[in-house]
Amino acid sequence: MIIATHSGSFHADEVTACVIFKLLDATTKIIRSRDPEELEKADYVIDVSGKFDLQKHFDHHPAEFNLSRSNGIRYATAGLIWDRFGRELLELIRRCLPNPDEISDTVINKAWKTIDRNIMQYTDLTDNGQLDSYTRSLCSLNQSEENQVYANLNRFYMHIPVVPYLVAMQNDLNGTEETQYQNFIETVDSLKVLYKKLFINTLTNARDEEKVLKSYDGSEILRLDDKLPWFEAVLNNWNCFEKCRIAIYPDHKKKGYRIQSLPGSQSSRFKNRCGAPTAWRGKELEELNRIIGIKSATFVHKTGFTGGALTREDIEIMAKLWLEGSEP
């Protein structure tokens, strides 16, 4: 497979698109040019050419291009290629994983949406110049003081080393075309390693998230028999866990079981919906067991967000008393 994109400076959206193609076919070759004849030698032409038939040509720059997601985020090259080839790539990854039959089409679609939301949409926003206006619309700013807070945060976020920033820093603006080509390929290869693992984990997490949802009975306690990504399942299915306050699950690292508060907010992982009783916080082993009245408790974190015990019986007792004595 041959992919063509523009020469000169490169950005996260076409780099990400090339990563997707490389993961689909490791023998993919990349052309960087602005010569129309050279570009047309490729199987797919991305981020250049002024054409967007969405079959061979994927250029979001023409003035008449107006494809957007339902949330208003316009497509750039990363999103276009993910929209067209993302499910195919996840299907390819599924076939390489242990127990591929556990990963249903529903799971693949959930993983595809998660990757679009968490990776591709932000990449597109930073490329199409829409990031500032989109985030402003989310903030619903009304007063000058609110605008100043937004401006301060925006300056801070502009220098966080997210993928678009990291990619931009791989350019050598004074380098030759050959230097830039080498920089481009090295950046694609580096991101290929990171994104492959990200895609695998997102796919398996989507599978395990379905297991979490099936395990929850609608009560105040989420009980799990395996270590699953329950925290993300709660954040991604917030309304389903409206009544739930704590989770208990196996602790394979320390052996035994863990108990943990659900997050109190979708916007903060460090707010407790149901913190441990104050008298338990920061206590361990004998002292903690004496306070609770059990035998195998191991610890309660000083912030009250989590704790542990060696037996299922004791973790269930901790959960009951935790709910009764919970404090902010």
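Heads up: the structure comes first, above all this text.
Residues numbered from 1 in each chain as written. Predicted model: local features only at pLDDT ≥ 70, side-chain atom pairs only at ≥ 80, totals over all residues. Heavy atoms only, no water.

1. Considerations on the sheet that holds strand β3 (residues 44-46)
Inference 1: The four strands lie next to each other as β2-β1-β3-β4, forming an open sheet whose pairing is parallel. If you trace the sheet from one side to the other, it starts and ends with β2 (29-32) and β4 (57-58), each paired once.
Inference 2: Alignment of β3 against β4, held across two bridges, turns out to be parallel. Residue pairing across strands places Val45 opposite His57, the latter belonging to β4.
Inference 3: Against the sheet, helix α8 (residues 177-215) makes contact with β1 (2-5) and β2, and its axis sits at roughly 140 degrees relative to β2, the strand it touches most. (Pairing = 2+ DSSP bridges. Helix = DSSP H or I, 4+ residues; strand = E, 2+ residues; numbered from the N terminus. Contact = heavy atoms within 4.5 Å. Axes fitted to C-alpha atoms, helices over the stretch in contact; angles between N-to-C directions.)

2. Some words on unusual backbone geometry
Glycine aside, the phi torsion of most residues is negative, and most peptide linkages are trans.
Inference 1: Positive phi is not limited to glycine here, since Asn99 has a value of about 55 degrees.
Inference 2: Within the element layout of this structure, Asn99 appears in the loop between α3 (77-96) and α4 (105-128).
Inference 3: With a phi close to 45 degrees, Leu285 is a non-glycine residue in the positive phi region.
Inference 4: Relative to the helices and strands, Leu285 is located in helix α10 (residues 285-292).
Inference 5: Relative accessible area serves as the criterion here: at 48%, Leu285 is assigned to the partly exposed category. (Buried < 20%, exposed > 50% of the residue type's maximum accessible area, 1.4 Å probe, protein only.)

3. A word on the state of the cysteines
Inference 1: Following the criterion strictly, the structure yields zero disulfides and no others.
Inference 2: Cysteine Cys240 remains unbridged, with the sulfur of Cys244 as its closest cysteine sulfur at 11 Å. (Disulfide = S-S within 2.5 Å.)

4. Section: the packing of α3 against α4
Inference 1: Viewed as axis vectors pointing N to C, α3 and α4 meet at an angle of 145 degrees, and their least axial separation amounts to 9 Å. Crossing geometry of α3 relative to α4 is assigned as right-handed. Of α4, the residues touching α3 (which contributes Thr77, Ala78, Gly79, Trp82, Asp83, Gly86, Arg87, Leu90, Glu91 and Arg94) are Asp105, Ile108, Asn109, Ala111, Trp112, Ile115, Asp116, Met120, Thr123 and Asp124.
Inference 2: Broken down by class, the residue content of the contact of α3 with α4 amounts to eight nonpolar, five polar and seven charged. (Left-handed = near helix turned anticlockwise from the far one by under 90°. Nonpolar A, V, L, I, M, F, W, Y, C, P; charged D, E, K, R; others polar.)

5. Points about the sheet that holds strand β6 (residues 246-250)
Inference 1: In spatial order, the strands read β5-β6-β7-β11-β10; together these five strands make up an open sheet with mixed pairing. One side of each edge strand has no neighbouring strand; the edge strands of this open sheet are β5 (221-223) and β10 (297-300). Adjacent strand axes in the sheet meet at a mean angle of 15 degrees, parallel and antiparallel pairs treated alike.
Inference 2: Here β6 pairs with strand β7 (residues 257-261) via five bridges, running antiparallel. Along β7, the bridge assignment pairs Pro250 with Tyr257.
Inference 3: Sheet strands touched by helix α11 (residues 312-325): β5, β6, β7, β10 and β11 (306-309). Its angle to β7, the strand with the most contacts, is close to 15 degrees.

6. Notes on a nonpolar patch on the surface
Inference 1: Taken together, Val149, Leu153, Phe156 and Tyr157 make up a surface patch of nonpolar side chains, about 410 Å² in accessible area.
Inference 2: Residue placement: Tyr157 occurs in helix α6 (residues 144-157). (Patch = residues over 30% accessible without salt bridge, like charges linked within 9 Å, V, L, I, M, F, W, Y side chains within 5 Å. Areas by Shrake-Rupley, 256 points an atom, 1.4 Å probe, with all protein chains shown as cover. Salt bridge = Lys/Arg side-chain N within 4 Å of Asp/Glu carboxyl O.)

7. Quick look at the environment of Ala111
Inference 1: Within the secondary structure layout, Ala111 lies in helix α4.
Inference 2: Along the primary structure Ala111 and Thr202 are separated by 91 residues, whereas in three dimensions their C-alpha atoms are 5.8 Å apart.
Inference 3: Setting aside anything within four residues of it in sequence, one finds Ala111 in contact with Leu90, Thr202, Leu203 and Ala206.

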